[in-house]
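Now for the letters of each chain:
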Amino acid sequence: MSNKVRGEATLSIGGKDHLLRPSFDALVRAEEELGPLFALVERAGAGKLRLAEIVALFWHCLADREHIGREAVGDAVMAQGLAASAKPLRVLLGEILKGSG
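Here the structure is a predicted model, which means the values were calculated and not measured.

Calculation notes
Residues numbered from 1 in each chain as written. Predicted model: local features only at pLDDT ≥ 70, side-chain atom pairs only at ≥ 80, totals over all residues. Heavy atoms only, no water. Helix = DSSP H or I, 4+ residues; strand = E, 2+ residues; numbered from the N terminus. Rg over C-alpha atoms; globule rule 2.2 N^0.38 Å. Buried < 20%, exposed > 50% of the residue type's maximum accessible area, 1.4 Å probe, protein only. Areas by Shrake-Rupley, 256 points an atom, 1.4 Å probe, with all protein chains shown as cover. Lys, Arg positive; Asp, Glu negative; His and termini not counted. Charge placed at Lys NZ, Arg CZ, Asp CG, Glu CD. Core = buried A, V, L, I, M, F, W, Y, C linked by side-chain atoms within 4.5 Å. Contact = heavy atoms within 4.5 Å. Phe/Tyr/Trp six-rings, centres within 6.5 Å; stacked < 30°, edge-to-face > 60°. Lys NZ or Arg CZ within 6 Å of the ring centre and 35° of its normal.

Colleague: It is not clear to me how the overall build of the chain should be interpreted in this structure. Could you clarify?
Modeller: A tally of helices and strands in the chain yields 4 helices and 2 strands. In the chain, the order of α-helices and β-strands from amino to carboxyl end is β-β-α-α-α-α. For the chain, whose C-alpha radius of gyration is 12 Å, the value lies close to the compact-globule estimate of 13 Å for 101 residues. If one aligns the C-alpha atoms of the chain with their principal axes, the spans along those axes are about 30 × 25 × 20 Å. Burial analysis of the chain (101 residues in total) assigns 41% to the buried set. About 5,700 Å² of surface is accessible on the chain, with carbon and sulfur atoms providing 55% of the total. With 13 positive and 13 negative side-chain charges, the chain shows a separation of 5 Å between the mean positions of the two kinds.

This is the structure we're talking about:
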């Protein structure tokens with residue numbers, strides 16, 4: 001479902017995989033809410049990224065977020081755990097560092 005060449009990842013929400021696409025628009029929305037994205041990457045590297053920040057980044061990068069609420073994204077992260085959520089998070093953070101989108 002996801003295309004790693006384009007920096008996409010998937011997140012399981014309610015037992016169904018959903019595409020996370022770090023498009024320019026998605027990253028701009030995330031930056032407006034979370035502040036500078038490079039600071040977000042630095043916090044992640046220091047182990048200081050908050051759960052709310054992970055959920056916000058995932059929600060802004062959802063390809064079909066009109067049909068999925070932020071609460072559902074938070075529930076999905078909690079249900080699968082932070083270890084499983086780390087894989088799509090690494091993909092998105094890598095795209096931020098590359099400047100893709």
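And the narrative resumes.
Colleague: What is the right way to look at the nonpolar core in this model?
Modeller: Here is a general trend for soluble globular proteins: nonpolar side chains tend to be buried in one another's company. In this structure, Leu20, Leu40, Leu57, Phe58, Val73 and Ile96 are the most contacted members of the largest nonpolar core, which totals 28 residues. At the level of elements, β1 (9-13), α1 (24-34), α2 (37-45), α3 (51-61) and α4 (70-98) are the ones that each hand at least two residues to this core. The contact partners of Leu20, leaving out residues within four places of it in the chain, are Glu8, Ala9, Thr10, Leu11, Phe58, Cys61, Leu62, Pro88 and Leu92.

Colleague: Mind showing me how you'd approach the packing of aromatic side chains here?
Modeller: The description of an aromatic ring pair rests on the distance of the ring centres and on the angle between the ring planes. What the rule picks out here adds up to 0 aromatic pairs. Between Arg65 and the ring centre of Trp59, over which it is positioned, the NZ or CZ distance is 4.2 Å.

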